[in-house]
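Residue-level structure breakdown
So the chains spell out like this:
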Amino acid sequence: MALSDIRIIDAHIHQWDPFTTPREFSPVAKVFRAVPLPIDVAKWLAPRKDREFVGDPSAYAHEYLPANYRADAADLPVEAIVHIEVAWTGPDKSEETAWVAGLPFGGDNPGLGAIIGAADPAAPDFAELLDAHTAAAPLLRGIRAHVAHHPDAGVRPYTKIESALTTKEFLNGFALLAERGLTFEAWLYSHALPDLTALAQRYPEVPIVLDHLATPAGIFGPIGKHTGANPSQRRELFIRWRDDLTALAENANVVAKVSGLMMPVLGHPVPRRGTSTPVPVLLDRIRPLFAHAYDVFGPERLLWGSNFPVDKPITTIPDSVEIIATAIAERGGGHQELEQIFRTNAQRTYRIES
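Treat the numbers as computed from the prediction; the structure is a model and nothing was measured. (Residues numbered from 1 in each chain as written. Predicted model: local features only at pLDDT ≥ 70, side-chain atom pairs only at ≥ 80, totals over all residues. Heavy atoms only, no water.)

1. What to know about the side chain of Q15
Secondary-structure assignment places Q15 in the loop between β1 (8–13) and α1 (26–34). A distance of 3.4 Å separates a polar side-chain atom of Q15 from the backbone oxygen of Y64. Excluding its chain neighbours within four sequence positions, the residues that come into contact with Q15 are R23, Y64, L65, P66, Y69, H83, V86, W99, L103 and F105. (Helix = DSSP H or I, 4+ residues; strand = E, 2+ residues; numbered from the N terminus. Polar contact = N/O pair within 3.5 Å; in protein donor to acceptor, adjacent residues only side chain to side chain. Contact = heavy atoms within 4.5 Å.)

Shown next, in the form of C-alpha cells:
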C-alpha cells in the first residue's frame, strides 16, 4: 500500500555515538575501533544473552546519527522522528537529552519531533531529574525507565528487580509524571504486561506508550536457557501475550507501538550481514501479533516506529514500513488508518507540531 502522500513520523529510533558519549557499549566499540579483530570473531567474546539480544553487533560498534538514519530511510517521506533514550551511563541522564537536542536534525535529515529521556520513578532524585530533562530540551515529552526483566536468566535483563513496576518507590514517584504532563514510555518483556495494566489503572491520568508490543521474547524461535524452545512453548507464549495485551488495551490512557517486531530477541534467525529477511517471511511471522494489536487497540491507538538501528540485523526501514502497511491493509485499513498509524497518532501522543 502506497505511503507516498503521507509524511511519516518514525515514533521510535535511537541515536548514539559510543566514542564521544558514555554508553553501555562504549568500551566495546572503542576496542573494535582500536584492535584489528573481525567483529564476527569478537562478538563471541560477549555473553550469549547479549549476542541473542543484538543479533549483529555492527551497529553498536559505530555511531548512529541523523545522517545514518536518513541513509537507512532511503526515499521514504520521513518528516520527523522520536528519539528514545538508549544505554546512557553518565551520572546525569539529562545530558543525553541535551546531546540529542543538539544533533543536526532538519535540513536534509528528518526533523526532531520529540525526545524521551531516561529516568527511574523509584529513584530519590526523580523529581530533580525530570526538571533537568525538561530544562535540557523543550521537546522532552516523557521518560523511559529500565524495567525489563525476564524470568529466564538467559534472556538479557535491564534491571535486577523482577517486578519493578510494582514497588512502592516506583509507584510513589510515578505520580510526578502526571503533575508535569509527561508520558511514560514502557518497554518490558511480555510476562510483565499485567503489572503495566495495574499501573495504567492506578494512574489513568498518565499517558502510557507500550513499546514493541511488549517484546514476547522467543515467540519466533528459541532464546535464553529455555524460552521458546519448541512450537508448544511458543504457542503458550502467544496465548498469554494475547490475553494480557487485551486486558491492557482496555485502558484508554495506553497506546501501543508496532515497533521492535524484528528484534533478534524475539527469536528471529539473523541473516548474513548486508542482507535482510524477506518481507513475506517477516509478514508471516508478525501477522498474528499485529492483527491482535490492531483489533484490541484499534488504528487510533497504534503508532509505527522503526526501532532503528536495533532492528537493522533483521530488516530495513522501507521493508518495515511495507510490512506494517500490508498488515494494515489485511485488516481492512485504508488511507485513514495508514495516516493514523504512520503519522497522526504520533503527533497526538508526543505533541509534535505539523
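2. Some thoughts on the packing of aromatic side chains
Taken as a whole and judged by the stated rule, the model has 14 aromatic pairs. Taking the centre distance of 5.2 Å and the plane angle of 50 degrees together, the rings of F174 and Y203 count as tilted. Taken together, the residues span a long stretch of sequence, with F174 in helix α7 (residues 168–180) and Y203 in the loop between α8 (193–202) and β6 (208–210) at a distance of 29 residues. Given a relative accessible area of 0%, F174 falls into the buried group. Between F290 and Y294, the ring centres sit 5.7 Å apart and the planes meet at 40 degrees, which makes this aromatic pair tilted. Taken together, the residues F290 and Y294, both in helix α10 (residues 279–297) and four residues apart, mark about one turn of the helix. There is no split in this pair, since F290 and Y294 are both buried. (Phe/Tyr/Trp six-rings, centres within 6.5 Å; stacked < 30°, edge-to-face > 60°. Buried < 20%, exposed > 50% of the residue type's maximum accessible area, 1.4 Å probe, protein only.)

3. Focus on the pairing of strand β3 (residues 111–118)
For β3, the buried fraction is high: eight of the eight residues fall into the buried class. One ladder, built from five bridges, connects strand β2 (residues 78–84) with β3; its direction is parallel. In the strand pairing of β3, V82 is matched with A114. Across four bridges, the pairing between β3 and strand β4 (residues 140–144) is parallel. The partner of I115 across the bridge, within β4, is L140. Handedness of the β-α-β unit built from β3, helix α6 (residues 126–136) and β4 comes out right-handed. (Pairing = 2+ DSSP bridges. Right-handed = clockwise from strand over helix to strand, strands pointing away.)

4. Describing the pairing of strand β7 (residues 254–258)
Burial within β7 is extensive, with five of its five residues counted as buried. Pairing analysis gives three bridges linking β6 to β7, with the strands arranged parallel. Residue V209 lies in a different strand from β7, and its bridge partner there is V255. Handedness of the β-α-β unit built from β6, helix α9 (residues 231–249) and β7 comes out right-handed. Summarising the sheet, β7 and strand β8 (residues 302–304) pair through three bridges and their orientation is parallel.

5. Re the sheet that holds β7
Ordered by their spatial adjacency, eight strands build an open sheet running β1-β2-β3-β4-β5-β6-β7-β8, and the pairing between neighbours is parallel. Edge strands, defined here as strands with exactly one partner in the open sheet, are β1 and β8. Strand-to-strand, the axes of this sheet are offset by a mean angle of 25 degrees, without reference to chain direction. (Axes fitted to C-alpha atoms, helices over the stretch in contact; angles between N-to-C directions.)

6. Structural notes on the nonpolar core
Within the largest apolar cluster, 101 residues are counted, with the highest numbers of intra-cluster contacts made by F184 and L196. Per element, the largest residue contribution to this core is nine residues, and it comes from α10. Excluding anything up to four places from it in sequence, L196 contacts L165, F184, A186, L188, I208, L210 and L248. In terms of nonpolar packing, the next biggest core, distinct from the first, is built from 13 residues, A80, V82, A346 and Y350 among them. (Core = buried A, V, L, I, M, F, W, Y, C linked by side-chain atoms within 4.5 Å.)

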